[in-house]
Amino acid sequence: MMNRTTLTLLAALLATPLVAPPPASAEDAPAAAPAEEMTVQQILDAIDANMVFESRTTKIKMTVEGKKRTRTFEMISYGRGKDDSAMEYVTPAREKGTKMLKLGDDMWMYLPSVDRTQKISGHMLRKGMMGSDLSYDDMMTTEQMAQMYTPTLLGSEDIDGRPAWKIELVANDESVAYPKRLQWVDKELFIPVQQELFALSGMKLKSWRMGKIKEFEGGRQFPTWMEIVDEVKSDSKTTLEFGEMTFGVELESEIFSQRWLERK
Amino acid sequence: MYLLKLAFKNLLRAKRRALLSSAAIVLGVFYLIVGQSFIAGVDEGVIYGVVHGTTSHVTIRPADYPTEGMDHPVDELVEITPALRSWLDDNTTAWTARTMFVGTVTSDKESLRIRVIGYDPDTDPEVFSHATWTEPDPLPRGTDAGVMLTSGTAGLLGVEKGDSIVIEARTHKGAVNAISVPVAAVSRTGNFMFDNAAVFMPDALVTSFLRTQHPTHVSMRLTNRDNSSAVKEELTALGAGAWGLIDWWDDSKDLVEIGQIRRNALNVLVGIMMLMAAMAIANTILMAAHERTREIGTLRAMGMSKNGVLGLFLAEGSLLGLVAGTLGAVGGAALTWYLAQNPIDLNAMEGQAETIGNDVAYSAFIYVAFSVPIVVVPLVISILVALVASIYPARLASNMEPADAVRAE
């Protein structure tokens, strides 16, 4: 059985698209406009052009640093459009074979230790995944992000010596998991390189940093390193490293089926 | 009376043998009294934990509320309509509203995912007894007074009264909220469901934290808990299917049924001990009859009837049962009475809290149930067993011919 931290990170990983609200479609990428003249909506659309994809495979190395110990996990992740994703744990041995599948609004988890597939639905979607901080619901809201937040351009700041826009995203209603986000978006690469997530009370909950941005096919920029710090818990940090990342690959249709979950 | 005196004297003639053969009866009666009292106490502990901790006599929850594990959604609530309020005022001795949810509580040292119980500080103690709480009322109230931590939770978080903790949870509509609150009190509740993973938060603070207008639970006390089934039926009609109803028996029957299995196992064990005791007594009386063959002959020659001899040996067996049973009953009753006054504190027993876990509303104190029937019934059984065991040797003795008996070597 996966423990709380493992699943927190798993949720964080699957929720990766949340860092950038997607547009109506990836084809809506903005025309190349001078950065300083872009509207906040154009900036968000440019981010989506980078972050939203038709298909993707990647290997992920996840390092969880806690107060007492540090653990490392490796997974293979498959993505198809905005709605479907699948992931399989490779290491450590205890988690090997654990799989997660998201198809549209439905989600399943397969635990090899009990040889059982469990559907995650109903009120469980709002529950933290096995005690984690991110809910299953978080992972199913990618297509609605643009409608969920009202963006405001707060200005420009330098992040790691590079110019970035500072954007505030305020949720349009209380059903959105994080009522407020602050994002710093690289002005040249159109990647959110830093993000802060806030609770309804205004308390800062998490800080995200993204880096090691690489250029992929078609000029797509994509971060291959992420660091998530829990601002409430002290000494808690998670690092994600993406390797062998490929976009636009043809994926076996079986991957996005329940049959795949229990395939040995 | 003459026969009883004679029987008593005869028993004293072979004290050691009488003592040894009655040992099984002493132990059997003692074990039966203590075992039955303990099992009855455990059953009551389960029911006490449910009635005074989580469910009271009847609780209204949203329909399809999860029943297992630490799962307390707040997306569905119980609206206390004027009709429901009026019904509760008219049909219960007390009622209260609680909101249960799961949150992450973080201190400087540790972070735990635990149950939060939102309570009404005025009505909660009327429905859920706080008698076992180490720091009872008044509970914190309002939005600024802070929260009460159960002692085990405070220990795990490494905090004490006056420190601050951060509580993070999803609101009714789904947003993440987090607040820093002072620990206003630390108390042990005596309920395993709460003592190692629970925070008690005043309802006013819950309302602002979760943005809820209604609770998740409405619990009520009735004049008689045995009316809970009828009350559930009435509320089912009133709620028109919108509520999930649970009573004290729904929440405790699984554990009480396990108690019944234990009780049956104990009865089988004690039955075997009583059978062994019966054989020992039969053997003792049989030996006495053989040893006293000439004496029996003399008694018969002096005019004692067959029934007189029969009665003498039956009286000896019954007296053996009475004395042994009384010894066992006095010992068992004394221990049971002591444990009834001085409950066993499971929290103080290392490993017990972890064994029982946080999902069972189980009282941390086992008050062994002392009652007269639990003491008297084993005593009567022991006398009957001894009496029945004496029938065969007594008949054998009474059927001896006086002339043969007198001549016996």
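Residues numbered from 1 in each chain as written. Chains lettered and ligands numbered in written order. Predicted model: local features only at pLDDT ≥ 70, side-chain atom pairs only at ≥ 80, totals over all residues.

### Here's the deal with the overall build of chain B
- Across its full length, chain B holds 14 helices and 11 strands.
- Against the compact-globule benchmark of 22 Å for 409 residues, chain B has a radius of gyration of 31 Å, which places it well outside the compact range.
- If you line up chain B on its principal axes, its C-alpha atoms span 100 × 50 × 30 Å.
- Going through the 409 residues of chain B one by one, you find that 47% of them count as buried.
- Counting only contacts in chain B whose residues sit at least 6 apart along the sequence, the fraction spanning at least 24 positions is 84%. (Helix = DSSP H or I, 4+ residues; strand = E, 2+ residues; numbered from the N terminus. Rg over C-alpha atoms; globule rule 2.2 N^0.38 Å. Buried ≥ 20, exposed ≤ 12 C-beta atoms within 10 Å, placed from the backbone. Contact = placed C-beta atoms within 7 Å.)

### Examining the overall build of chain A
- Across its full length, chain A holds 4 helices and 13 strands.
- A buried classification covers 41% of the 264 residues belonging to chain A.

### Focus: the pairing of strand β13 (residues 237-247) of chain A
Residue and element names in this part refer to chain A.
- The sheet contact formed by strand β1 (residues 55-65) and β13 spans 9 bridges and is antiparallel. By the bridge assignment, Met-62 is partnered in β13 with Leu-240.
- Strand direction decides the pairing type here: strand β12 (residues 221-230) and β13, joined by 5 bridges, are antiparallel. What sits directly across from Met-226, in β13, is Leu-240.
- Two successive antiparallel strands, β12 and β13, enclose a turn made up of 6 residues, where Asp-235 displays a positive phi of approximately 60°. (Pairing = 2+ DSSP bridges.)

### Concerning the nonpolar core
- Core analysis: the largest hydrophobic core is formed by 53 residues, its most contacted members being Val29(B), Ile33(B), Ala277(B), Ile281(B), Phe313(B), Leu320(B) and Ala386(B).
- Residue assignment for this core shows that the elements contributing at least two residues are α1 (2-13), α2 (15-54), α9 (248-291), α11 (306-341) and α13 (372-398) of chain B.
- With 49 residues, the next largest nonpolar core counts Val176(A), Val116(B), Ile117(B) and Leu157(B) among its residues. (Core = buried A, V, L, I, M, F, W, Y, C linked by C-beta atoms within 7 Å.)

### Overview of helix α8 (residues 228-239) of chain B
Residue and element names in this part refer to chain B.
- Taking 1.5 Å of rise per residue, 12 residues should cover 16 Å, and α8 covers 16 Å from first to last C-alpha, within 8% of that figure.
- Every buried residue of α8 is accounted for by Ser-228, Val-231 and Lys-232. One side of α8 carries all its buried residues, which in axial view fall inside an arc of 100°. Across α8 from its buried face, at more than 90 degrees, point the exposed residues Ala-230, Glu-233 and Ala-237.
- Following α8 by one or two positions, Ala-240 has its phi on the positive side, about 50°. (Expected span 1.5 Å × (residues − 1). Arc of directions from axis to C-beta.)

### Observations regarding the interface of chain B and chain A
- Chain B puts 20 residues into the contact, and the matching count from chain A is 22 residues.
- Those elements that provide at least two residues to the side of chain B that touches chain A are β2 (94-106), β3 (111-119), β5 (164-170) and β6 (176-187) of chain B.
- A per-class count over the side of chain B that touches chain A returns 6 nonpolar, 6 polar and 8 charged. (Nonpolar A, V, L, I, M, F, W, Y, C, P; charged D, E, K, R; others polar.)

### Description of the environment of Phe53(A)
Residue and element names in this part refer to chain A.
- Along the polypeptide, Phe-53 turns up in the loop between α2 (40-51) and β1.
- As for Phe-53 and Thr-91, which are separated by 38 residues in sequence, their C-alpha atoms are 26 Å apart.
- Each residue touching Phe-53, except ones within four places of it in the same chain, is listed here: Gly-79 and Phe-247.

### Section: the domain arrangement of chain B
- You can read the domains of chain B as domain 1 (2-50 + 253-407) and domain 2 (58-221).
- Look at where the C-alpha atoms of domain 1 of chain B and domain 2 of chain B centre, and you get two points 50 Å apart. (Domains from an automatic or database assignment.)

### Some words on the packing of α1(B) against α11(B)
Residues and elements named next belong to chain B.
- As a packed pair, α1 and α11 sit with axes 8 Å apart at the nearest point and diverge in direction by 60°. Regarding the angle of α1 to α11, the classification is oblique. Classified by chirality, the crossing of α11 by α1 is right-handed. Here Leu-3, Leu-4, Leu-6, Ala-7, Phe-8, Asn-10 and Leu-11 of α1 lie close against α11, whose contacting residues are Gly-311, Leu-312, Ala-315, Glu-316, Leu-319 and Leu-320. (Axes fitted to C-alpha atoms, helices over the stretch in contact; angles between N-to-C directions. Parallel < 35°, antiparallel > 145°, perpendicular 65-115°, else oblique. Left-handed = near helix turned anticlockwise from the far one by under 90°.)

### What to know about unusual backbone geometry
All names here are of chain A.
- Cis peptide bonds are those with omega within 30 degrees of zero, and the linkage from Thr-91 to Pro-92 qualifies with 0°.
- Within the secondary structure, Pro-92 is located in the loop between β3 (84-91) and β4 (99-103).
- Backbone geometry at Asp-160 places phi at a positive 50°, although glycine is not the residue there.
- Summarising the element assignment, Asp-160 is placed in the loop between β7 (149-159) and β8 (162-171).

### What to know about the packing of α2(B) against α11(B)
- Running from N to C, α2(B) and α11(B) cross one another at 35°; their axes reach a closest spacing of 7 Å. In the crossing of α2(B) with α11(B), the sense of the turn from one axis to the other is right-handed.

### With respect to the confidence of the model for chain A
- Mean pLDDT over chain A stands at 76; residues scoring 70 or higher make up 76%.
- Counting contacts from residues 128-133 of chain A, a segment whose pLDDT is below 50, to residues more than four positions away or on other chains yields 20 contacts. (pLDDT = per-residue confidence, 0-100.)

### Things to note about α13(B)
- Taking 1.5 Å as the rise per residue, α13(B) with 27 residues should run 39 Å; its terminal C-alpha atoms sit 37 Å apart, in good agreement.
- Along α13(B), the sharpest kink reaches roughly 40°, centred on Ile391(B) and followed within four residues by the proline Pro393(B). (Bend = angle between axes of the 7 residues up to and from the residue.)

### A word on the confidence of the model for chain B
- Taken as a whole, chain B shows an average pLDDT of 85; of its residues, 93% reach a score of 70 or greater.
- Per-element mean pLDDT across chain B ranges from 54 in helix α12 (residues 352-356) of chain B up to 96 in strand β8 (residues 217-221) of chain B.

### Some details on the environment of Ser382(B)
Residue and element names in this part refer to chain B.
- Looking at the secondary structure, you find Ser-382 in helix α13.
- Residue Ser-382 is classed as buried on the basis of its 32 C-beta neighbours within 10 Å.
- Taking C-alpha positions, Ser-382 is 11 Å from Leu-27, a pair spaced 355 residues apart along the chain.
- Non-local contacts of Ser-382, meaning those with residues more than four positions away in its chain, are made with Ile-25, Val-29, Gly-321, Ala-324, Gly-325 and Gly-328.

### Some words on the environment of Leu182(A)
Residue and element names in this part refer to chain A.
- Mapped onto the elements of the fold, Leu-182 is located in strand β9 (residues 180-186).
- Assessed through the 17 C-beta atoms surrounding it within 10 Å, Leu-182 is described here as partly exposed.
- A C-alpha to C-alpha distance of 9.4 Å links Leu-182 and Ser-207, two positions 25 residues apart in sequence.
- Ignoring any residue separated from it by four or fewer positions in sequence, one finds Leu-182 in contact with Lys-166, Glu-168, Gln-195 and Glu-196.

### Looking at the pairing of β9(A)
Residue and element names in this part refer to chain A.
- The buried fraction of β9 amounts to 5 of the 7 residues, a majority that puts the element mostly inside the structure.
- Direction of pairing for β8 relative to β9: antiparallel, over a ladder of 7 bridges. Each residue of the ladder has a partner; that of Val-170, found in β9, is Lys-180.
- One ladder, built from 6 bridges, connects β9 with strand β10 (residues 192-198); its direction is antiparallel. Bridge pairing in β10 links Gln-183 to Gln-195.
- Linking two consecutive strands that pair antiparallel, namely β9 and β10, is a turn of 5 residues; a positive phi of about 55° is found at Phe-190 within it.

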